[in-house]
Amino acid sequence: YSGRGLLVPSGHLVSCRVLRKGQPWGRRPSRGPGWGRLCCPPSCRPRVAAWLSLCRRSDVLVLTPWLAPIVWEGTFSPEILDEQFRLQNVTVGLTVFAVKKYVAFLRLFLETAEQHFMVGHRVTYYVFTDRPADVPHVLLREGRRLEVLAVRSHARWQDVSMHRMEMISRFSEQRFRHEVDYLVCVDVDMKFRDRVGVEILSPLFGTLHPAFYSADRRAFTYERRPRSQAYIPPDEGDFYYLGGFFGGSVAEVQRLTSACHQAMVLDKANGIEAVWHDESHLNKYLLYHKPTKVLSPEYLWDQQLLGWPSVMKKLRFVAVPKNHKEMRSP
Amino acid sequence: MAKLLKILPGQCYASHKVIVLLLTGITFTFHYCYWNPKSQHLKSLLAGTGTAVRESHTKYLQPDALTPSRRDVLVLTPWLAPVVWEGTFDIDLLNAQFKLQNATIGLTVFAVKNYMSFLELFLRSAEKYFMAGHRVNYYVFTDQPELVPQLPLPGGRRVIVLRTQSHQRWQDISMQRMGAISRGARQRFLKEVDYLVCADVDMEFRDHVGVEILSSLFGTIHPDFMAVSRYSFSNERRPESQAYIPEDEGDFYYIGAFFGGSVAEVYRLTEACHQAIMIDKANHLEAIWQEESHLNKYLLYHKPTKLLSPEYMCDHDLLQDMQHRKKLGLSNIVRRIRIFALLKNKEVKSNNASQKVQSTDGR
């Protein structure tokens, strides 16, 4: 990282002050030959050369209207961020649910996490499962450990999915807040193939759903029935966030998961189930409690479905091909 | 706790309900105290600013993930701190967020000796443009409390006059501000406000300066150094000084006239700068740009969580550049002049009014 100016090369004259030849730069100490070029009469138009090009992504939005960074490759320096977080000695908790047949995904998930997830930092994997005996033994690096947490399973996969909110909320309360600084909550049927690091950490973050990052809000698959707690009207919505990758500080994740769980309980009592289950409720929550960071679809992608568009400079965390019907059967 | 939660559904034993309510109450209180953003460093980062706050259903345009807000400038630092420029933020959204937090903002300003003459314009313009609609405490540090203008202020905004000592040299007046703010933060600001903004008095607010600037720790880009390489930053280059920064280091050059953040973070910054100034003094050193040099040292190694563009600190020369570009039909990178630095030369700063030091940079 070169620490240059704030501007991109434009060929135009940028900030310029009149400097008479031989005179030092105002009362600032002159820095030797060459820097006189920074200050010249309007007619000379210095080319604002490549060394000013810090803005490495001019093809995407990198800041939400509420000033939360949107994390894309090219927006951050891994070295600066790793150093910042190492100084704080953060511990990151990664929650994953491997219920019923989904235990089969654990080995690849954990092995690739060891290579790409928060490398160099302290990590605790929280594996929620109804089959503790089937959790694979994966060799972990120093400073990283795995906790198996027993949970019940459900007959319906929708219930398995939604139950996660209650479990995360409960365990945040009971133990996560004592053990980790940040929580990252992800789906298990995935693998890491590139860096997923401290650049994602923030009080509250969500991830842009790969199928909707360029869609109009009216096309978002929000819950549209006003009877449901997850209802969002067609003229509202910032982004469509993924149910399979969210997180933040333990306190904020606890608040989010608890709110979603309560909302789902209410829906159930009213005999309604949101169209995309916990994901619908997550979207409702994040609309009215804006995340402090948003992750680009680099952070959860499905190459089989969506290919590899040029706007994605990296595919960091990707879906593992699976047979939905088979996995979701009892 | 888990067992209690498990047996709750379907059972209605009154005693269990009471225990659960009690425990919930205790947990809630514990949560609030534990996660209070006014406490420790990591906690203050984790709490963040403007986070997770329920807000009213304001209608606004959908953000577009494939269209950048500004193509001509950097809006995000490599450590993912936003750089606040016109066009990057929606003020209604941010106002809604901060209103729900019921945040109070403290604005510190020093009006010592002849700088008192700037105070009225500073306060009047702040009343017009600074944090409109939010609760504000103006902390006016002065050696002449009787001269502080009495301005009519709406509810939720007040002026608090704090006595401070004056010095013979303007450099000493400038540097002692760090110690004064850090003392003030410890003694009262922590209890009275959520955020502190520390400003020079020889400035005028000319356009909106609002909650978009608020963050754990923010600095403002010096307008003279907007497009400049780090080798050209006017950092302190003598290794003997506490403010020393080597030539190959430095992200941006921040101006000493406008910085701030949460009270805790501003306390840390001002205390660190104050200590560094004292150490330099004991070694018979004075950093080249006084407390500004120390500020830059601090912000290099404690990266700010937001940066303000030079919209937030324009000076005469930048204004001339902008006007010149406009005449040539060129677009301007600085689209709004929010805060204007009034002082054109050093005549007011010098000890003797007859010593007018000529400077070509407008300060």
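Per chain, residue numbering runs from 1 following the sequence as it is written. The order in which chains are written sets their letters, starting at A; the order in which ligands are written sets their numbers, starting at 1. Only residues with pLDDT of 70 or above have their local features reported here, since the model is predicted, and side-chain atom pairs are shown and tallied only from 80 upward, although totals for entire chains, interfaces and linings are computed over all residues. In computing side-chain values, all of the structure's heavy atoms are included and hydrogens and water are not.

Engineer: Mind showing me how you'd approach the UniProt feature "binding site: UDP-N-acetyl-alpha-D-galactosamine" (unreviewed entry) in chain B here?
Structural biologist: Residues and elements named next belong to chain B. Here the UniProt-annotated "binding site: UDP-N-acetyl-alpha-D-galactosamine" (unreviewed entry) positions come out as F110, A111, V112, Y115, D200, V201 and D202. A maximum C-alpha distance of 11.1 Å among these annotated residues, which run over 93 residues, shows that they cluster at one spot. Among the structural elements, F110 can be located in strand 2 (residues 104-111). Judged by relative accessible area, F110 falls into the buried class, the value being 6%. UniProt positions are given in the numbering used here, feature names are shortened, and annotations may be inferred rather than shown by experiment. By the criteria applied, helices consist of DSSP H or I runs no shorter than four residues and strands consist of E runs no shorter than two, each listed in order from the N terminus. To sort residues, take the accessible area from a 1.4 Å probe on protein chains only and compare it with the maximum for the residue type: under 20% means buried, over 50% means exposed, and anything in between is partly exposed.

Engineer: I keep staring at the nonpolar core and nothing clicks. Help me out?
Structural biologist: Soluble globular proteins tend to bury their nonpolar side chains together. Residues F117(A), V184(A), I200(A), F245(A), F130(B), I213(B) and F258(B) are the most contacted members of the largest nonpolar core, which totals 187 residues. With seven residues, helix 3 (residues 157-179) of chain A is the single largest residue contributor to this core. To form a nonpolar core, buried Ala, Val, Leu, Ile, Met, Phe, Trp, Tyr and Cys residues must be joined to one another through side-chain atoms within 4.5 Å. Listed in part, the five residues of the second largest apolar core include F225(B), V228(B), F233(B) and Y253(B).

Engineer: Honestly, the domain arrangement of chain A in this entry has me stumped. Any pointers?
Structural biologist: Accessible area lost when the parts come together is the quantity often used to give the size of an interface. Residues and elements named next belong to chain A. Its domain assignment divides chain A into domain 1 (1-60) and domain 2 (79-328). The contact rule is simple, with two residues in contact once any of their heavy atoms fall within 4.5 Å. At the junction of the two partners, domain 1 supplies four residues and domain 2 supplies four residues. Buried surface area refers to the total accessible area, computed with a probe of radius 1.4 Å, that the two partners give up upon joining, counted for both partners together. Counting each side, the surface lost to burial between domain 1 and domain 2 is near 260 Å², with a carbon and sulfur contribution of 58%. What counts as a salt bridge is simple: a side-chain nitrogen of Lys or Arg found within 4 Å of a carboxyl oxygen of Asp or Glu. Remark: the boundary between domain 1 and domain 2 carries one salt bridge. Among the salt bridges present, the one from E298 reaches R57, with a minimum N-O distance of 3.9 Å. Residue ranges for the domains originate in an automatic or database domain assignment.

Engineer: Can you help me understand the pattern of salt bridges in this one?
Structural biologist: Applying the stated criterion across every chain yields a total of 41 salt bridges over all chains. R195(A) is the salt-bridge partner of D82(A), the closest N and O atoms lying 3.0 Å from each other. On the criterion of sequence distance, the pair formed by D82(A) in helix 1 (residues 78-87) and R195(A) in the loop between strand 6 (190-192) and strand 7 (204-208) is long-range, its members being 113 residues apart. Across this residue pair, the class does not change: D82(A) and R195(A) are buried. Its salt-bridge partner being D172(B), residue R169(B) comes within 3.4 Å of it at the nearest N-O pair. Under the relative-accessibility criterion, R169(B) is labelled partly exposed at 29%. According to the relative accessible area criterion, D172(B) is buried, its value standing at 14%. Taken together, the shared-partner salt bridges in this structure form one network comprising R57(A), D59(A), E73(A), D194(A), E298(A), K314(A) and R316(A).

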